[in-house]
Amino acid sequence: MSKSRKLHQLITEREQKNGADGEEEEIEEVEEDFHHIPLPDFPGGAEIFEAAAKFCYGVKIEITAWNAAALRCAAEYLEMTEEFAEENLVSRTERFLAQSVLRSPRESVKALKSCEALLPMAEDLGLVQRCVESIATRPASADMSSLFGWPIKDGSGGRAAAAADAKLPQSATAALWNGIDTGIRRKNGLRSTAASAAAAVAVDSWFEDLAALSLPFYKRVISAMKAKDLNADVIEGSLISYAKRSIPGLSRSNRHHAASTAVAASAGPLPSEAEQRELLETVITNLPQSKKKSSSSSSGLVTTRFLFGLLRTANILRASEASRTALERRIASQLEHATLDDLLMPSYSYLVETLYDVDCVERIVGFFLEGLEERPVTAAAAEEDADDDDDREEEEPGSSLCTDKNKLLVVGKLVDTYLSEIASDANLKPDKFCNLALSVPDHARMFDDGLYRSVDVYLKAHPRITEEERERVCGVMDCQKLTLEACTHAAQNERLPLRAVVQVLFFEQLQLRRAIAGTLMAAEHEEEEEEEEEDEAAEGGRREGGGWRAAAAIRENQVLRLDMDSMRSRVQGLERECSRMRKAIERMDRGAAAAAGGRGKLARRFGCKFGTQVCVSHHRTVVAPRKS
């Protein structure tokens with residue numbers, strides 16, 4: 001044991017102790033006791049001790065990224081320094097770490113993973129911090145595209161680079177790696193599809209290596225990445241991979257598969273609920289802020305479906321209110337990419353009676369509208385920054401930002417679809433239904449047909465609500481924005497209150513009047529043109545000897561006047577029907593007042609008289625004003 005000071009001292013002390021005792025013992029017992037020397041808390045276990053013992057005897061050992069940290073700790077424990085022997089294990093492991101492990105992010109991840117069983121000695125020797133710095137520094141100095149020394153882009157890219165490459169010979173456009181021609185020809189500064197796929201596989205493999213780290217080490221790696229201003233795509237990809245591997249059932253579509261994969265991938269059992277909650281809050285806290293360029297397109301790494309999966313898991317694990325609020329705001333920034341399946345989140349609280357979490361969706365819609373109000377200021381600042389940046393690449397047409405109006409229309413349609421789905425819930429209160437319906441401004445819907453369908457489904461599923469609640473539910477839709485098909489259905493819908501039916505007929509009458517007025521104006525204009533054409537045709541006919549064109553024009557004018565007469569008669573019929581309904585409502589009110597008896601007299605004595613609100617053409621509206 002000439003290379004280990006500690007082993008040499010232990011063996012020497014044991015020999016001196018046995019010689020000083022002077023007791024006569026059997027040779028077998030002395031040798032058996034002599035070969036047992038305890039080494040408490042030895043780092044790495046028996047396998048690492050065997051490798052260190054072989055090194056002491058001059059046997060060649062293999063040092064890898066998985067055992068380099070353990071051998072370094074064992075060398076420190078056994079005091080195998082240069083002061084005791086040249087080219088000792090401490091110097092050998094330090095040289096291997098510096099030249100092989102710490103120069104590669106993937107090898108550093110392996111070494112950092114092995115340090116989990118070597119605490120606190122690995123922390124005292126600085127191995128953990130050195131591995132963390134290596135993981136964070138190497139990608140930051142290279143970038144996501146050249147993470148493993150294999151460039152994805154050559155040159156500055158863009159049209160200028162493509163034009164320059166077109167003028168160069170074929171050998172000049174070859175992709176080089178450390179000065180070696182790889183045989184891959186560049187196209188617009190990009191590598192071929194096969195090379196890009198290989199790089200993507202390498203990056204995914206690196207993310208999987210990071211996902212194998214324990215939560216304390218992973219938090220240190222993410223903090224170091226953010227301190228180095230690493231590309232947000234790298235951090236997002238790493239967080240997504242870590243969350244999918246460590247949190248079972250994160251995705252609704254493959255919940256059972258994810259759980260089985262997590263069990264098979266992890267060495268130990270599944271983490272407890274508290275550990276999963278801490279892990280989830282760590283992922284949510286470290287998610288980079290949504291960028292305008294990536295959040296508005298589906299090319300971002302953090303998809304809306306993944307965010308809704310995180311929110312669903314946060315509700316199950318009862319994460320902190322701050323984490324859930326931050327996640328809801330992040331979802332609201334890209335709500336236009338959500339689907340109905342994303343919004344249908346079950347309610348996991350015992351205090352909520354509804355089947356789905358309606359309050360959460362209402363909060364997300366509110367955050368979305370707040371973002372639209374704050375966006376004009378940030379958009380102006382972004383345009384100034386974009387004008388200053390002359391080297392930025394042009395975006396593809398498919399990834400261009402849609403206008404706020406289009407986003408609002410998409411979200412309005414999504415909310416109407418969500419309302420139609422949850423309206424059949426028997427525990428959904430009218431106030432909660434109306435609040436969610438009115439949370440979207442009026443200009444978010446071009447037509448209220450979707451909202452009318454939601455109201456119809458709600459009234460069908462809740463037949464026992466009062467008349468006042470029926471009118472409040474019907475008041476969320478604007479009858480002026482119903483199409484002809486919806487108006488026809490609403491006029492014959494027995495579930496709607498009488499006031500809503502009268503309102504539909506009234507606005508349909510107004511629309512018909514406007515259509516008639518526009519048709520009359522167009523007809524008068526056409527008559528004037530036709531008279532001029534008739535005069536010209538008559539003069540031309542007299543000159544040419546024929547008047548058949550004037551006669552044809554007169555016949556068309558007569559047909560048009562007949563059509564107008566029929567339309568006027570239809571309008572008059574609708575007015576008579578509306579008048580009869582108005583009189584019927586007045587008779588019903590008088591009968592109800594007579595039946596009230598003494599209660600009506602008491603109300604008249606105190607001057608309290610409430611008349612029935614009847615739909616007349618002088619009233620602007622018959623329902624409560626909608627929220628904007």
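Above this note sits the structure.
Since the model is a prediction, treat every value here as computed from it, not as a measurement.

Definitions and limits used
- For every chain, the first residue of its written sequence is number 1, and the numbers climb from 1 along that sequence.
- Totals for whole chains, interfaces and linings use every residue, but because this is a predicted model, local features are given only for residues with pLDDT of at least 70 and side-chain atom pairs only at 80 or more, for both listing and counting.
- Heavy atoms from the whole structure form the basis of all side-chain values; hydrogens and water molecules are not counted.
- Side-chain atoms within 4.5 Å link the members of a nonpolar core, which is a set of buried Ala, Val, Leu, Ile, Met, Phe, Trp, Tyr and Cys residues.
- Here the term buried applies to any residue with accessible area under 20% of the maximum for its type, exposed to any over 50%, and partly exposed to those in between, with areas from a 1.4 Å probe on protein chains only.
- Each helix is a run of H or I in the DSSP string that is no shorter than four residues. Each strand is a run of E no shorter than two, and both are numbered from the N terminus.
- Only heavy atoms enter the contact rule, under which two residues are in contact if any of them lie within 4.5 Å.
- Directions pointing from the helix axis toward each C-beta atom define the arc.
- Cavities and pockets were defined on a 1 Å grid built over protein atoms only: a cavity is a set of grid points that admits a 1.4 Å probe from which the probe cannot escape, a pocket is an open set flanked by protein on both sides within 12 Å along at least five of seven lines, and lining residues are those with an atom within 4 Å of any such point.
- Grid points are joined across faces, edges and corners, and a volume is the space filled by probe spheres set on the points.
- Lys, Arg, Asp and Glu make up the charged group, whereas Ala, Val, Leu, Ile, Met, Phe, Trp, Tyr, Cys and Pro make up the nonpolar group; the residues left over, Gly among them, are polar.
- Any Lys or Arg side-chain nitrogen located within 4 Å of an Asp or Glu carboxyl oxygen qualifies as a salt bridge.
- Stacked, tilted and edge-to-face pairs are distinguished by plane angle, under 30 degrees for stacked and over 60 for edge-to-face with tilted covering the rest, among Phe, Tyr and Trp rings (Trp via its six-membered ring) whose centres lie within 6.5 Å.

(A) Spotlight on the nonpolar core. Ranked by size, the top nonpolar core spans 128 residues in total, and within it L112, L210, M225, L310, L335, Y418 and I422 carry the most contacts. The element contributing the most residues to this core is helix α19 (residues 358–388), with nine residues. Excluding residues that lie within four positions of it along the chain, M225 makes contacts with I135, A136, W206, L210, L230 and I235.

(B) Structural context of helix α24 (residues 484–491). Among the residues of α24, those classed as buried are A486, C487 and A490. Along the axis of α24, the buried residues cluster in a sector spanning 100 degrees; they form a single face. Of the exposed residues in α24, those oriented more than 90 degrees away from the buried face are L484 and E485.

(C) Broad picture of empty space enclosed by the protein. Following the criterion strictly, the structure yields two cavities of 30 Å³ or more and no others. Roughly 100 Å³ of internal volume is contained in the largest cavity. Among the elements of the structure, α25 (498–544) and α26 (548–596) are those that each provide at least two residues to the lining of the largest cavity. Here the lining of the largest cavity is built from residues that sort into six nonpolar, one polar and two charged. The volume enclosed by the second largest cavity comes to roughly 40 Å³. Residue lining of the second largest cavity: A69, L97, L102, A111, L127, R130 and C131, and that is the complete set. Among the elements that make up the lining of the second largest cavity, the one with the highest residue count is helix α8 (residues 127–142) (three residues).

(D) The arrangement of the pattern of salt bridges in detail. Counting across every chain of the model gives 26 salt bridges. Note that K54 is salt-bridged to E50, the shortest N-O span being 3.6 Å. Placement of the pair is K54 and E50 together in helix α3 (residues 45–56), with a separation of four residues, close to one helical turn. Note that K113 is salt-bridged to E116, the shortest N-O span being 3.1 Å. Among the residues examined, E116 registers a relative accessible area of 24% and is labelled partly exposed. Salt bridges here are not isolated pairs; linked through shared partners, they connect R72, E76, E94 and R130.

(E) Molecular detail of the environment of S424. Mapped onto the fold, S424 is located in the loop between α20 (404–422) and α21 (430–438). Here S424 falls in the partly exposed class, since its relative accessible area comes to 48%. Apart from residues lying up to four places away in sequence, S424 is in contact with V457 and A461.

(F) The arrangement of the packing of aromatic side chains in detail. Taken as a whole, this structure holds four aromatic pairs when the rule is applied. Look at F433 and Y458: their rings are 4.7 Å apart centre to centre, the planes differ by 25 degrees, and that puts the pair in the stacked class. Note that F433 is positioned in helix α21 and Y458 in helix α22 (residues 449–461), a separation of 25 residues in sequence. Taking relative accessible area as the criterion, F433 reaches 1% and is therefore assigned buried. Given the relative accessible area of 0%, Y458 is considered buried.

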